[in-house]
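# Descriptive analysis of the structure
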Amino acid sequence: MITKALTTLKKRLSPHLELSNSRLETMCLLIMGMVNARTVNLSHLACEFPTDSKVESTYRRLQRFFQHVDLGSDWAAPLLVKMIGSGPTWHLCLDRTNWKIGQRHVNFLVLAIVTRRHRIPLMWSVLGRAGNSDTAQRIALMKRYLLVFEVSTIKFLLADREFIGAQWLDFLHKNNVPFVIRIKANQLVTTQDGKTQNLSTLLRTCRGKRNFDARFGGNNLGEATWFSFAAKRIKGGELLIVVSNRPAHRALATYKKRWAIESLFGDTKTHWVNLEDTRLTISKKLELLLGLVALAVAWASKTATKLIGGGKMKRKKHG
């Protein structure tokens, strides 16, 4: 079974990767080890290899793989799309995940592809510090995406309140990237009737759903872009407000799909391959590791889809 899986995976990956047979086999064994052992820790993965070599020798083999293999920043993206067999368009989710290894912060900015059946990391950056990403880092990641894929592949880019800012939204709008992004209730906007106020004041009487057009800031901004807004009250009375550069009537329903990236982080960090088990801290090695994790997720997801079929999955009693 292991030999058959290894042969199949090598055959699938080899046309897309410029690796020697030995390096390609190591990559495939790493991916299979992550699926079987539910961890990315190299010392644990070394015990999973179907080989007669000593565990110490296998461990050094894995270390050498991360020391010497450099596939570039976006090598995995086209391969991942082909692996899951996605249609011509998909949703993108942008979010950040971080943890600490000793005193060292590991902080990934991740762009994930979300379809009906799949949620896969597609492109990512290691931020190299704790805290939020800045506008330049977000724009750089989206520019990388647009170099590999057409903008027409994006149904919507979805992101939480961390990913706001006039320059960022202006970049997305000018590049015709459709987006639905949650914003903070203290944001100042000017509505079409000329009133300038923050969103919490504007929506203080909002009880159901409300859609409206506005632009950020005050009346003195001249040619500032008009955006569509949608808002509703959620549990606890908090306002959920999203902004889009497309008509807002479906914005709130579309924004629900953003939760897929939170589930993806749960899969990769807690429920499955336990990404936080890694002891790697060098950015280049971390980027390569997440590429392998993404391939493992895509491989498992595609296999599950084949087994489940195209129909609607039965919901279990726990939901």
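Reading the values: the criteria
- Residues numbered from 1 in each chain as written.
- Predicted model: local features only at pLDDT ≥ 70, side-chain atom pairs only at ≥ 80, totals over all residues.
- Heavy atoms only, no water.
- Helix = DSSP H or I, 4+ residues; strand = E, 2+ residues; numbered from the N terminus.
- Buried < 20%, exposed > 50% of the residue type's maximum accessible area, 1.4 Å probe, protein only.
- Areas by Shrake-Rupley, 256 points an atom, 1.4 Å probe, with all protein chains shown as cover.
- Lys, Arg positive; Asp, Glu negative; His and termini not counted.
- Charge placed at Lys NZ, Arg CZ, Asp CG, Glu CD.
- Polar contact = N/O pair within 3.5 Å; in protein donor to acceptor, adjacent residues only side chain to side chain.
- Contact = heavy atoms within 4.5 Å.
- pLDDT = per-residue confidence, 0-100.
- Patch = residues over 30% accessible without salt bridge, like charges linked within 9 Å, V, L, I, M, F, W, Y side chains within 5 Å.
- Salt bridge = Lys/Arg side-chain N within 4 Å of Asp/Glu carboxyl O.
- Expected span 1.5 Å × (residues − 1).
- Pairing = 2+ DSSP bridges.
- Axes fitted to C-alpha atoms, helices over the stretch in contact; angles between N-to-C directions.

## Let's talk about the overall build of the chain
Helices and strands together make up the secondary structure of the chain, namely eleven helices and ten strands. Based on the C-alpha atoms only, the size of the chain along its principal axes is roughly 75 × 40 × 35 Å. By the burial criterion, 48% of the 319 residues in the chain qualify as buried. As displayed, the chain has an accessible area near 16,200 Å², and 50% of this comes from carbon and sulfur atoms. Taken together, the 51 basic and 22 acidic charged side chains of the chain have centroids lying 7 Å from each other.

## Brief notes about the side chain of Thr 268
Within the secondary structure layout, Thr 268 lies in helix α10 (residues 259-271). Assessed through its relative accessible area of 4%, Thr 268 is described here as buried. At 3.3 Å, the side chain of Thr 268 forms a polar contact with the backbone oxygen of Phe 265. Those residues within four positions of Thr 268 in sequence are excluded, and the remaining contacts are Val 273, Asn 274, Leu 275, Val 293 and Val 297.

## Points about the confidence of the model for the chain
On average, residues of the chain score 92 in pLDDT, and 99% of them are at 70 or above. Here helix α1 (residues 2-13) stands out as the element of the chain with the lowest mean pLDDT, 89, in contrast to strand β4 (residues 154-159), whose mean of 98 is the highest.

## Focus: a positive patch on the surface
A surface patch of like charges, here positive, comprises Lys 155, Lys 209, Arg 250, Lys 256 and Lys 257. Mapping Lys 155 onto the fold places it in strand β4. For Lys 155, a relative accessible area of 40% corresponds to the partly exposed category.

## A look at unusual backbone geometry
With a phi angle near 60 degrees, Arg 38 is a residue other than glycine that sits in the positive phi range. Looking at the secondary structure, you find Arg 38 in the loop between α2 (21-37) and α3 (42-46).

## Some remarks on the pattern of salt bridges
On inspection of all chains with the given rule, the structure shows 13 salt bridges. Of the charged contacts in the structure, one is a salt bridge between Glu 25 and Lys 10, with a shortest N-O distance of 3.8 Å. Remark: Lys 10 occurs in helix α1 and Glu 25 occurs in helix α2; sequence separation between them is 15 residues. Judged by relative accessible area, Glu 25 falls into the partly exposed class, the value being 25%. Take Lys 10: its relative accessible area is 17%, and that puts it in the buried class. The closest approach of N and O atoms between Asp 160 and Arg 258, which form a salt bridge, is 3.9 Å. In this pair, Asp 160 is assigned in the loop between β4 and α7 (166-174) and Arg 258 in the loop between α9 (251-255) and α10, connecting sequence segments 98 residues apart. Take Arg 258: its relative accessible area is 6%, and that puts it in the buried class.

## Structural notes on helix α6 (residues 135-148)
Over its 14 residues, α6 extends 20 Å from the first C-alpha to the last, a length consistent with the 20 Å expected when each residue adds 1.5 Å. Regarding α6, the residues found buried are Thr 135, Arg 138, Ile 139, Leu 141, Met 142, Arg 144 and Tyr 145. Elements in contact with the buried residues of α6: β1 (90-101), β2 (104-114), β3 (119-126), β4 and α7. Capping the start of α6 is the job of one residue whose side-chain oxygen sits 3.2 Å from the backbone nitrogen of Ala 136: Asp 134.

## A word on the sheet that holds strand β9 (residues 227-233)
By definition, the strands of a sheet pair up through backbone hydrogen bonds, in either a parallel or an antiparallel sense. Strand order in the open sheet made by the ten strands is β3-β2-β1-β4-β5-β10-β9-β8-β6-β7, with mixed pairing throughout. Where the open sheet ends on each side, the last strands, each with one partner, are β3 and β7 (196-198). In this sheet, adjacent strand axes meet at a mean angle of 35 degrees when their direction is disregarded. Both β1 and β4 contribute to a ladder of four bridges, which runs parallel. Paired with Cys 93 across the bridge in β4 is Leu 158.

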